[in-house]
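Spelled out, the chains give:
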Amino acid sequence: MTSSSMLPDISDLWRLTMEHSPVGMVLASLDGGLLSANKALIDMLGYPPDELIAMHVMDITHPDDKAKNLGLARELLEGRISSYRMSKRYRRHDGTYFVGDLSVALLRDDNGAPMLFISQIVDLSERHAFEARIESAEEEIDLERRRAEAVFAAAAVGLLLLDAEGGYQALNSRQKEHLNHAYPDGHAGWAGQPGFNFNAAQTRLLAREEMPSARAASGEEFEDLLIWIGEQPMTRRALSVSARNVRDRLGVRTGSVLAYQDVTDLMRASKVKDDFVATVSHELRTPLTSALAYLELLEEAKDVPPDVHQQIVAVRRNALRLSRLVADLLYAARATSGAPLIDPYDVDVSLVVNEAIDAARVVAEGAGVAVRPDVPDSTMAMADGMRLRQVVDNLIANAITYTPSGGRVLVALAQTPTHLRLTVSDNGEGIDAADLEHSFVRFFRGGNARRSHVPGTGLGLHIVQTIVEAHSGKVTVESAPGEGTTVRVILPR
């Protein structure tokens, strides 16, 4: 047991407690005069110690808090309460205020008479600032949530949110309409449920693993996936579906969001256009073929005057261009009809290329462009000769069109045991860098075509790519403005 003689004086303990307390402490007289303040309170308020001790409690109290503070002090003096606690704003030396948590007790003598007030003050500024930031963040989050909900509800496309397991978390009213159309008997709310969902060609129902929702639930991301929904063909709707994964801040996948855009009107308008193009092209093909045959006979006739012969050459040149245009339009219509694009057979590709070069000489000579062949005597392959001729015709015609008079076009064919390589290069004006990546896009016409007012449909390179890919081949284009263009076609033999 410790001897009482070894304990410090109680007044020393009180002094040490005040000096080293991490919270502000102050002793005040019964009339509110400040008698003593510790270092923590002096640091909070910023007053010099001598100046602070000469002040009254109300001097450092916000005017709006004085009445409450005085009322509680009066209740404490009257013995109605034993202590009190309140949030109170304190005035610093620089004139600013901070919020403090004030706890007050009344020290009495042995007879119970009041002697002085003992107060503890905790600075709540940081906590209040933190709470204010939290409140502001919550308000911003709530605002963003309400904005997202408004966009989600008002979007013109169907929106569907899946959880990580493929369950439906949320969907907007437009997506509910799509579900009602695809699932007239109701939907259970999970990804991949069978219903009246058809492939792009409307030839069969989609298997579960082909369903956009099932693919998205497995973590796949995709864009512009075309499906048809609805039991009856006449009332089916075409939907273009895109999916993106949703991840948390650690990158863990938490679900997927899908967008279903109704493109029915676009698909039906496109079909009407393709049907019209096909009909017109078929009607043009027969008279064009007959006209070209007679023009070829007239061009070879010996008794035609020179001036008339020139006119016949010009007519035949334009008829050939029109014939290629009709062929392109017919093929474009066939490509969108779902019919087979090629009919392969044993063909001498060298013969196909040389015939295309010979047919192009009429146009090339009229444009002042030299066409130079580099073609083996024979190159056999399994391919659709008619479609390959269309590829070569389009590539040579493009090269001649964009090569100025005095230029040249080189047509080369090379072979390996497994592949053929066709190269058509020119030293013409080239393709703008910004247009190069769009070269194979259907109906795209580059800046060089618009500047030169060159007529055309923008189908040539798109058709070339379609035919080459139908042969399991690959086509690439390299070009630089002012340096010419090179197109390379790689075909398996």
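Since this is a predicted model, take the numbers as computed values, not measurements.

Draft legend 1. Geometry of the pairing of strand β3 (residues 83-91). In β3, alternate side chains face the same way, and those of Tyr 84, Met 86, Lys 88 and Tyr 90 are buried while those of Ser 83, Arg 85, Ser 87, Arg 89 and Arg 91 on the opposite face are not. Two strands pair when backbone bridges link them, and β3 and strand β4 (residues 97-108) are joined in this way by 9 bridges, in the antiparallel orientation. Bridge pairing in β4 places Ser 83 opposite Ala 105. Two successive antiparallel strands, β3 and β4, enclose a turn made up of 5 residues, where Gly 95 displays a positive phi of approximately 95 degrees.

Draft legend 2. Main features of the side chain of Asp 384. Its location among the elements puts Asp 384 in the loop between β14 (380-383) and α11 (385-401). Here Asp 384 is buried and forms no salt bridge, its nearest opposite-charge partner Arg 387 lying at an N-O distance of 4.6 Å. Residues in contact with Asp 384, not counting those within four places in the same chain, are Leu 341, Ile 342, Asp 343, Pro 344, Tyr 345 and His 471.

Draft legend 3. Structural detail: the sheet that holds strand β11 (residues 253-262). Pairing within the open sheet is antiparallel, and its 6 strands lie in the order β7-β6-β11-β10-β9-β8. Both outer strands of the open sheet, β7 (168-171) and β8 (197-198), are each paired with one neighbouring strand and no more. Looking at chain direction, strand β6 (residues 158-163) and β7 are connected through 3 bridges and run antiparallel. Its bridge partner lying in β7, Leu 161 is registered against Ala 170.

Draft legend 4. How the structure looks around unusual backbone geometry. Even without being glycine, Gln 202 reaches a positive phi, approximately 60 degrees. Given a relative accessible area of 29%, Gln 202 falls into the partly exposed group. In the Ramachandran plot, Ser 472 falls in the positive-phi region, its phi being about 65 degrees despite a non-glycine side chain. Within the secondary structure layout, Ser 472 lies in the loop between α14 (460-470) and β17 (474-480). Ser 472 gets classed as exposed once you look at its relative accessible area, which sits at 63%.

Draft legend 5. How the structure looks around the sheet that holds strand β16 (residues 419-426). The strand order across the open sheet formed by 5 strands is β13-β15-β16-β18-β17, and the pairing between neighbours is mixed. In the strand order of this sheet, the two ends are held by β13 (370-374) and β17, each with one partner. Neighbouring strand axes in the sheet, compared pairwise and without regard to direction, differ in orientation by 10 degrees on average. Across 7 bridges, the pairing between β17 and strand β18 (residues 484-492) is antiparallel.

Draft legend 6. Region of interest: α11. The terminal C-alpha atoms of α11 lie 24 Å apart, and with 17 residues this matches the ideal 24 Å at 1.5 Å per residue to within 8%. In terms of burial, α11 is largely enclosed, as 13 of its 17 residues are buried.

Criteria and thresholds
Residues numbered from 1 in each chain as written. Predicted model: local features only at pLDDT ≥ 70, side-chain atom pairs only at ≥ 80, totals over all residues. Heavy atoms only, no water. Buried < 20%, exposed > 50% of the residue type's maximum accessible area, 1.4 Å probe, protein only. Helix = DSSP H or I, 4+ residues; strand = E, 2+ residues; numbered from the N terminus. Pairing = 2+ DSSP bridges. Lys, Arg positive; Asp, Glu negative; His and termini not counted. Salt bridge = Lys/Arg side-chain N within 4 Å of Asp/Glu carboxyl O. Contact = heavy atoms within 4.5 Å. Axes fitted to C-alpha atoms, helices over the stretch in contact; angles between N-to-C directions. Expected span 1.5 Å × (residues − 1).

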